[in-house]
Amino acid sequence: VQLQASGGGLVQAGGTLRLSCVASGRTFSTYGMGWFRQAPGKEREFVATISGRGGVTEYADSVKGRFTVSRDNAKNTVYLQMNNLKPEDTAVYYCAADKSPLMSTRPLTYDYWGQGTLVTVSS
């Protein structure tokens, strides 16, 4: 499985961005998907996850109420809608795929990773 993330960019605080992650292959709906981020000098941290069918989601407390994860299995794509962005959201955002359709907050669970897309939020 190859993952291609896009949609990052520079935005002012309070702004919005939508990240997309397109996966190769024909079994996308069997993969749990996750979004993680890594800020300079910090460890990679969990952001959001969604189950294979899209019925269950989970978020980090820091983004709850501002970010929404969704997926379109017909397009092999998972999205991360980010609203009311804050400077502390600045990071490289990575999408990841887990061979299990269950969702997970743990990076070690995931089998495939995209290349990352940079989000910069200015104050």
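Placed above this text is the structure.
Everything numeric here is computed off the predicted structure, so don't read it as measured data.

### Quick look at the overall build of the protein
Line of reasoning, step 1. Tallying secondary structure elements over the protein gives zero helices and eleven strands in all.
Line of reasoning, step 2. Walking the protein from its N terminus toward its C terminus, one meets helices and strands in the order β-β-β-β-β-β-β-β-β-β-β.
Line of reasoning, step 3. A globule of 123 residues ought to have a C-alpha radius of gyration of about 14 Å, and the protein, at 13 Å, matches this closely.
Line of reasoning, step 4. Along the longest, intermediate and shortest principal axes, the C-alpha atoms of the protein span 40 × 25 × 25 Å.
Line of reasoning, step 5. Pairs at least 24 residues apart make up 58% of the contacts formed inside the protein by residues separated by at least 6 positions.
Line of reasoning, step 6. Of the roughly 6,300 Å² that the protein leaves accessible, carbon and sulfur atoms contribute 49%.
Line of reasoning, step 7. Taking the average location of the 13 positive side-chain charges in the protein and that of its 9 negative ones, the two points are 6 Å from each other.

### Some words on the sheet that holds strand 3 (residues 17-23)
Line of reasoning, step 1. The four strands are arranged 1-3-8-7 in an open sheet whose pairing can be described as antiparallel. Of all strands in the sheet, those with a lone pairing partner are strand 1 (3-6) and strand 7 (67-72), marking the two edges. Across the sheet, the axes of successive neighbouring strands diverge by a mean angle of 15°, strand direction being ignored.
Line of reasoning, step 2. Pairing analysis gives six bridges linking strand 7 to strand 8 (residues 77-82), with the strands arranged antiparallel. Within the sheet, the bridge partner assigned to D72 lies in strand 8 and is T77.

Reading guide: rules and limits
Residues numbered from 1 in each chain as written. Predicted model: local features only at pLDDT ≥ 70, side-chain atom pairs only at ≥ 80, totals over all residues. Heavy atoms only, no water. Helix = DSSP H or I, 4+ residues; strand = E, 2+ residues; numbered from the N terminus. Rg over C-alpha atoms; globule rule 2.2 N^0.38 Å. Contact = heavy atoms within 4.5 Å. Areas by Shrake-Rupley, 256 points an atom, 1.4 Å probe, with all protein chains shown as cover. Lys, Arg positive; Asp, Glu negative; His and termini not counted. Charge placed at Lys NZ, Arg CZ, Asp CG, Glu CD. Pairing = 2+ DSSP bridges. Axes fitted to C-alpha atoms, helices over the stretch in contact; angles between N-to-C directions.

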